[in-house]
Amino acid sequence: MKRLLPHPLLTLTLAILWLLLVNRLNPGHLVLGLLLGWLIPFATAGFWPEHVRIRHAGVLLRYLMVFIYDIVRGSFHVAWLILKGPSRLNPAFIVVPLELKSDLGISLLANTISLTPGTVSSLVSADKRTLIVHTIDTGNPDAMVAEIKQRYEVPLKQIFEEGDV
Amino acid sequence: MIDILLSLLILTGAVFTFIGSLGLARLRDFYTRLHGPTKATTLGVGCLLIASAVYFSVREEGVSLHEVLVTLFLFITAPVSAHLLAKAALHLKVHSLAPEPEQARNEEQIP
Amino acid sequence: MLDTVIPIAYALVSLAFVFSFWRLLKGPDAPDRILALDTLYVNTIALLVLLGIHLGNAIYFEAALLIAMMGFVGTVALCKYLLRGDIIE
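**Here we look at the sheet that holds strand β3 (residues 130-135) of chain A**
Each strand in a sheet pairs with another by means of backbone hydrogen bonds, the pair being arranged parallel or else antiparallel.
Residues and elements named next belong to chain A.
Next, step 1: Sheet architecture is open: 3 strands sit in the order β1-β3-β2, paired in antiparallel fashion. Whereas interior strands pair on both sides, the edge strands pair on one side only; in this sheet they are β1 (92-97) and β2 (119-124). Neighbouring strand axes in the sheet, compared pairwise and without regard to direction, differ in orientation by 30 degrees on average.
Next, step 2: Sitting on the sheet, helix α4 (residues 103-115) is in contact with β2 and β3, with an inclination near 145 degrees to β2.
Next, step 3: Across the sheet, helix α5 (residues 141-160) is in contact with β1 and β3; its angle to β1 comes to roughly 45 degrees.

Listed below in structure tokens is the structure:
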């Protein structure tokens, strides 16, 4: 089973992407999409060193909800700051210590941070222990670090890493 | 009804796209300028693409969802390019309003 | 309703082009210019999508998809060049 279908999630994703790309749903394209989704993981096996397992689908769903809500909130926040003018901003770099270990977890956290209110991730240290984040309007740096950890890192750890360590 | 929804989506999208670029022109240092295009512009274009999906789904037979593809792609790539730009700027020691972090200097030797 | 909204949207996106282009010309640093280019391609996608809705033609979507992909690759390549002084190692 494992050898015949190395990445079932990737297969499903690729099939859905194919259907979206051709923009119509008929049996022929469904079969072609599934075939491509089955073949491409073999060709690209070298690029998928980690085996991804999703442990808590419920947590993932809730995380996605929070993420989408935060994208909207973040855009309104940054739009308001831009309209208010540059003189009232208080930018700073803050350092977030990472508890996540896997590359996937860290990159998802960094991307989430970049899309959510007032923060853009700038640098992951070489030892993958800290993440440097630029905040556009800093109130209390410690509170922001705590919020990032609580709001995004804890669910990501639950979804992708629990039980790995 | 659909007309009102479409108009709202198009207007929101255009306003956010505009504000993102306004931020690019208006703010004072590179790192704060990075925030506008990453968040506001991405959401703006996302709104426009959703408007397009709704428009073509209503106008023609069958749903038109391929706009979702570009939206997803943009939402995945925007933070990646922002991160790379910030990394490049830290590497080049671009003028910053905020004091630069300690770690950035220590990372210099590592490729 | 759409007939009044679309020209306003065109105007706003065109103004966005002007601001991004100004930043592209002014700089002052290389990352600023790359960021301006990045914003310009996203703005182009916005304009193409608007044109598609305006003319009622879905063909412009393909161009938007291509620009999205090429623009991202371009940004990454330019950043890589700034970081390493080389693109392909």
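**So, the interface of chain A and chain B**
Where interface size is given, it is often the accessible area lost as the parts come together that is meant.
Next, step 1: Counting residues at the interface gives 33 residues for chain A, matched by 37 residues for chain B.
Next, step 2: Contributing elements (two or more residues each) for the side of chain A that touches chain B: α1 (8-22), α3 (57-84), β1, α4, β2 and β3 of chain A.
Next, step 3: Per element, the largest residue contribution to the side of chain A that touches chain B is 8 residues, and it comes from α3 of chain A.
Next, step 4: When grouped by side-chain class, the residues that make up the side of chain A that touches chain B number 22 nonpolar, 10 polar and 1 charged.

**Considering the arrangement of the chains**
Next, step 1: Comparison of the 2 pairs of chains in contact shows the highest number of contacts for chains B and C.
Next, step 2: Between chain A and chain C there is no contact; the minimum C-alpha to C-alpha separation amounts to 10 Å.

**Structural notes on the pairing of β3 of chain A**
All names here are of chain A.
Next, step 1: Extensive coverage of β3 is indicated by the burial of 5 of its 6 residues.
Next, step 2: Pairing between β1 and β3: 6 bridges, direction antiparallel. Its bridge partner being in β3, A92 is matched across the sheet by T135.
Next, step 3: Bridge analysis of β2 against β3 gives 5 bridges, and the strand direction is antiparallel. Bridge pairing in β3 links V120 to H134.
Next, step 4: Between β2 and β3, which pair antiparallel in sequence order, lie 5 residues; one of them, K128, sits at a positive phi of approximately 60 degrees.

The rules behind these values
Residues numbered from 1 in each chain as written. Chains lettered and ligands numbered in written order. Predicted model: local features only at pLDDT ≥ 70, side-chain atom pairs only at ≥ 80, totals over all residues. Pairing = 2+ DSSP bridges. Helix = DSSP H or I, 4+ residues; strand = E, 2+ residues; numbered from the N terminus. Axes fitted to C-alpha atoms, helices over the stretch in contact; angles between N-to-C directions. Contact = placed C-beta atoms within 7 Å. Nonpolar A, V, L, I, M, F, W, Y, C, P; charged D, E, K, R; others polar. Buried ≥ 20, exposed ≤ 12 C-beta atoms within 10 Å, placed from the backbone.

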